[in-house]
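This is what each chain is made of:
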Amino acid sequence: MPTYTTAGTHVYTAPGNGTVDLELIGGGAGGNGCRGFGFGGQGGGGGEHRLITARSVTSGEDLTFVVGAKGVGGTGDGTTGGDTTLNTNEVIAKGGARGVGTTGGLGGSGGTGGTGHNGGNGGDAAADGGGGGGGSGSASAAGSNGSVQSGGSGGAGGTGTGHGGRGGDVTTNASINSGQTAPGSGGGGAGYYYPYPSSGDGTDGQVTVTFTAGATALFTRSIIAGHAVKRASFF
(Lines give C-alpha, C1' and ligand atoms only; values in the text may rest on other atoms or scores of the structure.)
Protein backbone atom coordinates (compact mmCIF):
# COMPACT_ATOMS: atom_id res chain seq x y z
CA MET A 1 0.00 0.00 0.00
CA PRO A 2 2.22 2.84 -1.18
CA THR A 3 1.75 6.30 0.29
CA TYR A 4 3.23 9.34 -1.44
CA THR A 5 3.87 12.27 0.86
CA THR A 6 6.43 14.36 -1.04
CA ALA A 7 5.24 17.16 -3.33
CA GLY A 8 5.74 16.40 -7.01
CA THR A 9 5.09 13.60 -9.53
CA HIS A 10 4.85 9.93 -8.59
CA VAL A 11 4.01 6.93 -10.82
CA TYR A 12 2.33 3.80 -9.49
CA THR A 13 2.43 0.66 -11.68
CA ALA A 14 -0.30 -1.88 -11.06
CA PRO A 15 1.24 -5.27 -10.17
CA GLY A 16 -1.62 -7.22 -11.71
CA ASN A 17 -5.23 -7.09 -12.82
CA GLY A 18 -7.54 -5.89 -10.09
CA THR A 19 -8.81 -2.73 -8.43
CA VAL A 20 -7.34 0.13 -6.44
CA ASP A 21 -8.76 2.32 -3.71
CA LEU A 22 -7.27 5.83 -3.79
CA GLU A 23 -7.13 8.67 -1.29
CA LEU A 24 -5.92 12.06 -2.49
CA ILE A 25 -5.42 15.12 -0.25
CA GLY A 26 -4.57 18.60 -1.50
CA GLY A 27 -1.80 20.73 -0.02
CA GLY A 28 -2.48 23.06 2.89
CA ALA A 29 -2.12 26.84 2.51
CA GLY A 30 0.38 28.96 4.39
CA GLY A 31 -0.82 31.38 7.05
CA ASN A 32 -0.67 35.14 6.61
CA GLY A 33 1.62 37.56 8.38
CA CYS A 34 0.16 40.02 10.87
CA ARG A 35 -2.12 42.65 9.33
CA GLY A 36 -0.78 45.70 11.14
CA PHE A 37 -2.83 48.02 13.40
CA GLY A 38 -2.72 45.40 16.15
CA PHE A 39 -4.15 42.50 14.14
CA GLY A 40 -2.66 39.02 13.86
CA GLY A 41 -2.68 37.12 10.57
CA GLN A 42 -5.22 34.64 9.21
CA GLY A 43 -4.74 30.88 9.19
CA GLY A 44 -4.40 29.01 5.89
CA GLY A 45 -7.06 26.61 4.60
CA GLY A 46 -6.68 22.82 4.75
CA GLY A 47 -6.60 20.56 1.69
CA GLU A 48 -9.59 18.67 0.27
CA HIS A 49 -9.84 14.87 0.52
CA ARG A 50 -11.06 12.72 -2.40
CA LEU A 51 -11.80 8.99 -2.08
CA ILE A 52 -12.07 6.62 -5.06
CA THR A 53 -13.00 3.00 -4.49
CA ALA A 54 -12.61 -0.07 -6.70
CA ARG A 55 -11.08 1.63 -9.75
CA SER A 56 -10.19 -1.10 -12.23
CA VAL A 57 -6.55 -1.49 -13.24
CA THR A 58 -4.73 -3.87 -15.56
CA SER A 59 -1.34 -5.41 -14.98
CA GLY A 60 1.41 -2.90 -15.82
CA GLU A 61 -0.95 0.10 -16.00
CA ASP A 62 0.66 3.33 -14.81
CA LEU A 63 -1.20 5.80 -12.63
CA THR A 64 0.46 9.22 -12.54
CA PHE A 65 -0.08 11.31 -9.41
CA VAL A 66 0.98 14.83 -8.55
CA VAL A 67 1.08 15.53 -4.82
CA GLY A 68 0.17 19.16 -4.13
CA ALA A 69 2.87 21.28 -2.52
CA LYS A 70 2.38 23.08 0.75
CA GLY A 71 1.65 26.79 0.81
CA VAL A 72 4.39 28.89 2.36
CA GLY A 73 3.99 31.44 5.15
CA GLY A 74 5.98 34.62 5.66
CA THR A 75 5.74 38.19 6.88
CA GLY A 76 3.24 39.00 4.13
CA ASP A 77 0.48 36.91 2.58
CA GLY A 78 0.93 33.15 2.55
CA THR A 79 0.58 31.08 -0.62
CA THR A 80 -2.14 28.65 -1.66
CA GLY A 81 -1.64 24.89 -1.33
CA GLY A 82 -1.26 22.88 -4.55
CA ASP A 83 -3.85 20.51 -5.99
CA THR A 84 -3.24 16.75 -5.78
CA THR A 85 -4.21 14.95 -8.98
CA LEU A 86 -4.50 11.58 -10.73
CA ASN A 87 -3.72 11.52 -14.46
CA THR A 88 -3.99 15.32 -14.67
CA ASN A 89 -7.75 15.61 -14.27
CA GLU A 90 -9.24 12.16 -13.61
CA VAL A 91 -9.25 13.02 -9.91
CA ILE A 92 -8.45 16.43 -8.39
CA ALA A 93 -8.22 17.16 -4.65
CA LYS A 94 -8.04 20.93 -4.26
CA GLY A 95 -5.46 22.67 -2.14
CA GLY A 96 -6.37 25.12 0.62
CA ALA A 97 -6.43 28.87 -0.03
CA ARG A 98 -4.66 31.71 1.77
CA GLY A 99 -6.59 34.31 3.73
CA VAL A 100 -7.88 37.48 2.08
CA GLY A 101 -8.64 40.73 3.89
CA THR A 102 -9.33 39.66 7.46
CA THR A 103 -10.97 36.34 6.50
CA GLY A 104 -9.14 33.05 7.05
CA GLY A 105 -8.16 30.98 4.04
CA LEU A 106 -10.90 28.76 2.62
CA GLY A 107 -10.44 25.01 2.79
CA GLY A 108 -9.95 23.13 -0.47
CA SER A 109 -13.25 22.25 -2.17
CA GLY A 110 -14.83 21.64 -5.57
CA GLY A 111 -12.48 18.92 -6.79
CA THR A 112 -13.50 16.10 -9.11
CA GLY A 113 -13.72 12.31 -9.00
CA GLY A 114 -14.98 9.99 -6.30
CA THR A 115 -16.30 11.33 -3.00
CA GLY A 116 -14.97 14.59 -1.60
CA HIS A 117 -14.72 16.17 1.84
CA ASN A 118 -13.61 19.78 2.10
CA GLY A 119 -10.64 21.08 4.03
CA GLY A 120 -11.31 23.30 7.02
CA ASN A 121 -11.08 27.08 6.81
CA GLY A 122 -8.31 28.99 8.52
CA GLY A 123 -9.12 31.19 11.51
CA ASP A 124 -9.88 34.86 10.78
CA ALA A 125 -7.59 37.75 11.61
CA ALA A 126 -8.33 39.40 14.95
CA ALA A 127 -6.65 41.69 17.44
CA ASP A 128 -3.34 40.40 18.79
CA GLY A 129 -2.94 36.64 18.08
CA GLY A 130 -2.99 34.79 14.75
CA GLY A 131 -5.73 32.48 13.49
CA GLY A 132 -5.28 28.70 13.45
CA GLY A 133 -4.83 26.76 10.22
CA GLY A 134 -7.61 24.55 8.86
CA GLY A 135 -7.49 20.75 9.10
CA SER A 136 -7.48 18.63 5.95
CA GLY A 137 -10.52 16.59 4.95
CA SER A 138 -10.78 12.88 5.70
CA ALA A 139 -12.50 9.88 4.14
CA SER A 140 -15.56 10.41 6.34
CA ALA A 141 -15.81 14.14 7.10
CA ALA A 142 -14.65 17.64 6.26
CA GLY A 143 -11.70 19.07 8.13
CA SER A 144 -12.62 21.41 10.97
CA ASN A 145 -11.92 25.13 10.90
CA GLY A 146 -9.06 26.85 12.65
CA SER A 147 -10.01 29.06 15.58
CA VAL A 148 -9.72 32.81 16.05
CA GLN A 149 -7.20 33.97 18.67
CA SER A 150 -8.34 34.41 22.25
CA GLY A 151 -6.87 36.82 24.77
CA GLY A 152 -3.72 37.26 22.75
CA SER A 153 -3.08 33.53 22.36
CA GLY A 154 -3.04 32.14 18.84
CA GLY A 155 -6.10 30.24 17.67
CA ALA A 156 -6.00 26.43 17.70
CA GLY A 157 -5.63 24.60 14.41
CA GLY A 158 -8.52 22.61 12.98
CA THR A 159 -8.54 18.81 12.98
CA GLY A 160 -8.81 16.25 10.20
CA THR A 161 -6.46 13.83 8.47
CA GLY A 162 -3.88 16.54 9.10
CA HIS A 163 -4.21 19.03 11.97
CA GLY A 164 -3.79 22.73 11.24
CA GLY A 165 -1.04 24.75 12.87
CA ARG A 166 -1.82 27.02 15.82
CA GLY A 167 -1.68 30.76 15.30
CA GLY A 168 1.13 32.81 16.81
CA ASP A 169 0.77 34.52 20.18
CA VAL A 170 0.85 38.30 20.44
CA THR A 171 4.32 39.85 21.06
CA THR A 172 6.17 36.49 20.97
CA ASN A 173 4.70 34.41 18.09
CA ALA A 174 6.04 31.47 20.14
CA SER A 175 3.17 29.10 19.46
CA ILE A 176 3.28 29.44 15.68
CA ASN A 177 2.27 26.14 14.00
CA SER A 178 2.41 24.11 17.20
CA GLY A 179 0.28 20.97 17.04
CA GLN A 180 0.44 20.81 13.25
CA THR A 181 0.48 17.41 11.54
CA ALA A 182 0.60 16.36 7.89
CA PRO A 183 -0.90 15.93 5.37
CA GLY A 184 -2.67 18.90 3.83
CA SER A 185 -2.98 21.06 6.94
CA GLY A 186 -3.09 24.86 6.91
CA GLY A 187 -0.42 27.01 8.51
CA GLY A 188 -1.10 29.31 11.45
CA GLY A 189 -1.32 33.09 11.11
CA ALA A 190 1.39 35.22 12.71
CA GLY A 191 0.81 36.97 16.01
CA TYR A 192 1.00 40.76 16.10
CA TYR A 193 4.17 42.57 17.10
CA TYR A 194 6.95 44.60 15.51
CA PRO A 195 9.20 43.71 13.72
CA TYR A 196 6.59 41.59 11.99
CA PRO A 197 7.11 37.82 12.47
CA SER A 198 6.53 35.07 9.94
CA SER A 199 3.42 32.96 9.72
CA GLY A 200 3.45 29.15 9.49
CA ASP A 201 3.75 26.99 6.39
CA GLY A 202 1.08 24.49 5.38
CA THR A 203 1.96 20.84 4.76
CA ASP A 204 2.19 18.88 1.51
CA GLY A 205 -0.72 16.78 0.29
CA GLN A 206 -0.75 13.00 0.11
CA VAL A 207 -1.79 10.01 -2.03
CA THR A 208 -2.50 6.51 -0.71
CA VAL A 209 -2.99 3.52 -3.04
CA THR A 210 -4.48 0.20 -1.91
CA PHE A 211 -4.40 -2.61 -4.51
CA THR A 212 -6.71 -5.63 -4.53
CA ALA A 213 -5.93 -8.45 -6.94
CA GLY A 214 -8.72 -9.69 -9.17
CA ALA A 215 -9.82 -13.32 -9.40
CA THR A 216 -7.37 -15.59 -11.25
CA ALA A 217 -8.75 -18.51 -13.21
CA LEU A 218 -7.12 -21.97 -12.99
CA PHE A 219 -8.23 -24.05 -15.95
CA THR A 220 -8.41 -27.86 -15.82
CA ARG A 221 -9.46 -30.33 -18.50
CA SER A 222 -11.61 -33.36 -17.78
CA ILE A 223 -12.90 -36.16 -20.01
CA ILE A 224 -16.63 -36.79 -19.57
CA ALA A 225 -18.33 -39.39 -21.77
CA GLY A 226 -15.54 -39.14 -24.31
CA HIS A 227 -15.68 -35.34 -24.52
CA ALA A 228 -13.06 -32.87 -23.27
CA VAL A 229 -14.58 -30.40 -20.81
CA LYS A 230 -12.71 -27.25 -19.74
CA ARG A 231 -13.34 -26.20 -16.17
CA ALA A 232 -12.38 -22.90 -14.50
CA SER A 233 -11.72 -22.53 -10.80
CA PHE A 234 -11.26 -19.04 -9.31
CA PHE A 235 -9.10 -18.11 -6.34
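Residues numbered from 1 in each chain as written. Predicted model: local features only at pLDDT ≥ 70, side-chain atom pairs only at ≥ 80, totals over all residues. Heavy atoms only, no water.

Caption draft 1: Quick look at the packing of aromatic side chains. With the rule as written, the count across this model stands at three aromatic pairs. On the numbers, 6.5 Å between centres and 45° between planes, the contact of Tyr192 with Tyr196 is tilted. Relative to Tyr196, the ring of Tyr194 has its centre 5.4 Å away and its plane inclined at 90°; by these criteria the two rings are edge-to-face. Classification of Tyr196 as partly exposed rests on a relative accessible area of 39%. Members of the aromatic cluster, connected to one another through ring pairs, are Tyr192, Tyr194 and Tyr196. (Phe/Tyr/Trp six-rings, centres within 6.5 Å; stacked < 30°, edge-to-face > 60°. Buried < 20%, exposed > 50% of the residue type's maximum accessible area, 1.4 Å probe, protein only.)

Caption draft 2: Here's a closer look at the side chain of Thr203. In this structure, Thr203 sits in the loop between β8 (115-117) and β9 (206-213). Take Thr203: its relative accessible area is 12%, and that puts it in the buried class. Among all residues touching Thr203, those that are not within four sequence positions of it are Gly27, Gly28, Lys70, Gln180, Thr181, Ala182, Pro183, Gly184 and Ser185. (Helix = DSSP H or I, 4+ residues; strand = E, 2+ residues; numbered from the N terminus. Contact = heavy atoms within 4.5 Å.)

Caption draft 3: Main features of the nonpolar core. Tyr12, Leu22, Leu24, Phe65 and Val209 are the most contacted members of the largest nonpolar core, which has 16 residues in total. Not counting residues within four places of it along the chain, the set of residues in contact with Leu22 comprises Arg50, Leu51, Ile52, Arg55, Phe65, Leu86, Thr208 and Val209. (Core = buried A, V, L, I, M, F, W, Y, C linked by side-chain atoms within 4.5 Å.)

Caption draft 4: Molecular detail of the sheet that holds strand β6 (residues 84-86). Pairing in this open sheet of four strands is antiparallel, and the strands run β2-β5-β6-β7 from one edge to the other. Taken across any chain shown, the strands that pair with only one partner, and hence form the sheet edges, are β2 (8-13) and β7 (91-93). Geometrically, the sheet is characterised by an average inter-axis angle of 15° between neighbouring strands, direction not taken into account. For β2 and strand β5 (residues 62-67), the ladder comprises six bridges, and the chain directions are antiparallel. Considered in β5, the bridge of Thr13 is made with Asp62. (Pairing = 2+ DSSP bridges. Axes fitted to C-alpha atoms, helices over the stretch in contact; angles between N-to-C directions.)

Caption draft 5: Fine view of the pattern of salt bridges. Per the counting criterion, the structure on display carries eight salt bridges. When the shortest N-O distance is used, the salt bridge between Arg98 and Asp77 registers 3.3 Å. Note that Arg98 is positioned in the loop between β7 and β8 and Asp77 in the loop between β5 and β6, a separation of 21 residues in sequence. Between Arg166 and Asp169 there is a salt bridge whose closest N-O contact spans 3.1 Å. Among the residues examined, Arg166 registers a relative accessible area of 26% and is labelled partly exposed. With relative accessibility at 16%, the residue Asp169 sits in the buried group. (Salt bridge = Lys/Arg side-chain N within 4 Å of Asp/Glu carboxyl O.)

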